[in-house]
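Residue-level structural notes
Read off the chains here:
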Amino acid sequence: MDTDVESPSCQCAGGDADDIDLEPLDAILDEHENDPGALIPVLQATQEHYGYLPRPALETVAARRGVPLSAVYGVGTFYAQFHLRPRGEHVVRICHGTACHVRGAPDVTRAVVEELDLRVGETSEDLRFTLESVACVGCCGLAPVMLVDQRTYGQLDSSDAHGIAAALREGVVP
Ligand code: FES
């Protein structure tokens with residue numbers, strides 16, 4: 001299986017967002033109403049509420065702040081902190097920085113891809129898992145490294161990675 005292929009899904013669609021409740025956005029927008037430079041805090045609070053940036057929310061932000069939707073998308077797609085699609089309950093990140101790569105990140109990735117039945121860049125349909133490839137996360141001495149949400153797992157081999165991913169599938173964060 002090709003573990004290096006990112007999901008080909010378009011990132012501008014905003015996911016299945018037909019039933020988004022936009023009412024909570026009012027309070028977020030009201031709070032920053034008098035600050036024309038507050039687009040990033042508005043988007044951060046929006047993502048904090050919805051878990052990602054649904055397209056209807058971005059349309060509302062653009063309309064209420066009087067800026068083009070393209071400008072809102074520009075910010076939402078420029079910063080890695082923002083996500084335009086729903087994310088999984090657990091976000092699994094595998095480091096592909098140089099140290100991790102040479103010490104086995106491709107094997108770790110293959111193991112997780114197999115175990116979670118997900119490609120890198122995808123979120124499972126049941127929204128349990130998102131699998132991402134990231135650059136150096138700053139603990140090269142532990143390479144190869146994988147993060148599950150806020151937890152770090154280091155010096156992994158493919159067997160360790162299989163075990164961690166299998167535990168996650170069973171609902172256990174090891
Ligand atoms: S390269 Fe993976 S932690 Fe630095």
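Worth saying up front: this structure is predicted, and the values here are computed from it rather than measured.

Some remarks on the overall build of the chain
Assigned secondary structure in the chain consists of seven helices and four strands. Sequence-ordered secondary structure for the chain, helices as α and strands as β, is α-α-α-α-β-α-α-β-β-β-α. Looking at the chain as a whole, 26% of its 174 residues are labelled buried. Considering only contacts within the chain whose residues lie at least 6 apart along the sequence, 66% involve residues at least 24 apart.

Some details on the sheet that holds strand β4 (residues 151-153)
Across the sheet, four strands lie side by side as β2-β1-β3-β4; this open sheet has mixed pairing. Strand pairing shows two members of the sheet lacking a second neighbour, β2 (129-134) and β4, which therefore form its edges. In this sheet, neighbouring strand axes are inclined to one another by 20 degrees on average, regardless of whether the strands run parallel or antiparallel. Two elements, strand β1 (residues 90-95) and strand β3 (residues 146-148), share three bridges in a ladder whose sense is antiparallel. Within β3, the residue paired with R93 across the bridge is L147. Strands in contact with helix α6 (residues 105-116) are β1, β2 and β3; relative to β1, the strand with the most contacts, it is inclined by about 155 degrees. Where helix α7 (residues 158-169) meets the sheet, it contacts β1, β2, β3 and β4, and its direction lies at approximately 10 degrees from that of β3.

Description of the environment of R93
Here R93 is to be found in strand β1. Residue classification places R93 among the partly exposed residues on the basis of 18 C-beta atoms within 10 Å. Sequence separation of R93 and V137 is 44 residues, and the distance between their C-alpha atoms is 9.6 Å. Those residues in contact with R93, other than ones at most four positions away along the chain, are E132, V134, M146 and L147.

Some thoughts on the nonpolar core
Within the largest apolar cluster, 22 residues are counted, with the highest numbers of intra-cluster contacts made by V108, V112, M146 and A161. Mapped by element, the contributors of at least two residues to this core are β1, α6, β2 and α7. Residue contributions to this core peak at six residues, all from α6. Of all hydrophobic cores here, the second largest spans eleven residues; its members include V42, A57, L58 and L84.

Examining the packing of α6 against α7
One way to put it is that α6 packs onto α7 with a least axis distance of 8 Å and a crossing angle of 30 degrees. As judged from the angle between their axes, α6 and α7 are roughly parallel. In this structure, the crossing between α6 and α7 has a hand that is right-handed. Here D107, V108, R110, A111, V112, E115 and L116 of α6 lie close against α7, whose contacting residues are S158, A161, H162, A165, A166 and R169. When its residues are assigned to classes, the contact of α6 with α7 shows seven nonpolar, two polar and four charged.

Structural notes on the environment of V113
Locating V113 in the fold gives a position in helix α6. Residues V113 and A165, 52 residues apart in the sequence, show an inter-C-alpha distance of 8.8 Å.

Considerations on the pairing of β1
In this sheet, β2 lies alongside β1 in parallel orientation, the contact comprising six bridges. Bridge pairing links V91 to T130 in β2.

Some points on the environment of S70
Position of S70 relative to the elements: it lies in helix α4 (residues 69-78). C-alpha of S70 to C-alpha of L58: the two residues are twelve residues apart in sequence and 9.7 Å apart in space.

Let's talk about the confidence of the model for the chain
Confidence along the chain averages 90 in pLDDT terms, with 90% of residues attaining 70 or more. Scored below 50 in pLDDT, residues 1-15 shows 29 contacts in the model against residues more than four places distant or in partner chains.

What counts, and where the lines are drawn
One numbering rule holds for all chains: residues counted from 1, following each sequence as written. This being a predicted model, a pLDDT of at least 70 is required before a residue's local features are given, and a value of 80 or more before pairs of side-chain atoms are given or counted; all residues contribute to the totals for chains, interfaces and linings. The way it works is that DSSP assigns letters per residue, a run of H or I at least four long becomes a helix, a run of E at least two long becomes a strand, and they are numbered from the N terminus. Exposure criterion: with C-beta atoms placed from backbone coordinates, a residue whose C-beta has 20 or more other C-beta atoms within 10 Å is buried, one with 12 or fewer is exposed, and one in between is partly exposed. Here, residues touch in the contact sense if the C-beta positions derived from the backbone fall within 7 Å of one another. Strand pairing follows a simple DSSP-based rule, namely that at least 2 bridges must link the two strands. Interaxial angles span 0 to 180 degrees and are taken between N-to-C directions of axes, which are lines fitted to C-alpha atoms, for helices over the stretch in contact. In plain words, the nonpolar core is the set of buried Ala, Val, Leu, Ile, Met, Phe, Trp, Tyr and Cys residues that C-beta atoms within 7 Å link up. We call two directions roughly parallel when the angle between them is under 35 degrees, roughly antiparallel when it is over 145, roughly perpendicular when it lies between 65 and 115, and oblique otherwise. We call a crossing left-handed when the near helix sits turned anticlockwise from the far one by less than a right angle, and right-handed when that turn is clockwise. Residue classes follow a fixed rule: Ala, Val, Leu, Ile, Met, Phe, Trp, Tyr, Cys and Pro count as nonpolar, while Asp, Glu, Lys and Arg count as charged, and any other residue, Gly among them, counts as polar. As a per-residue quantity, pLDDT reports the predictor's confidence and falls between 0 and 100.

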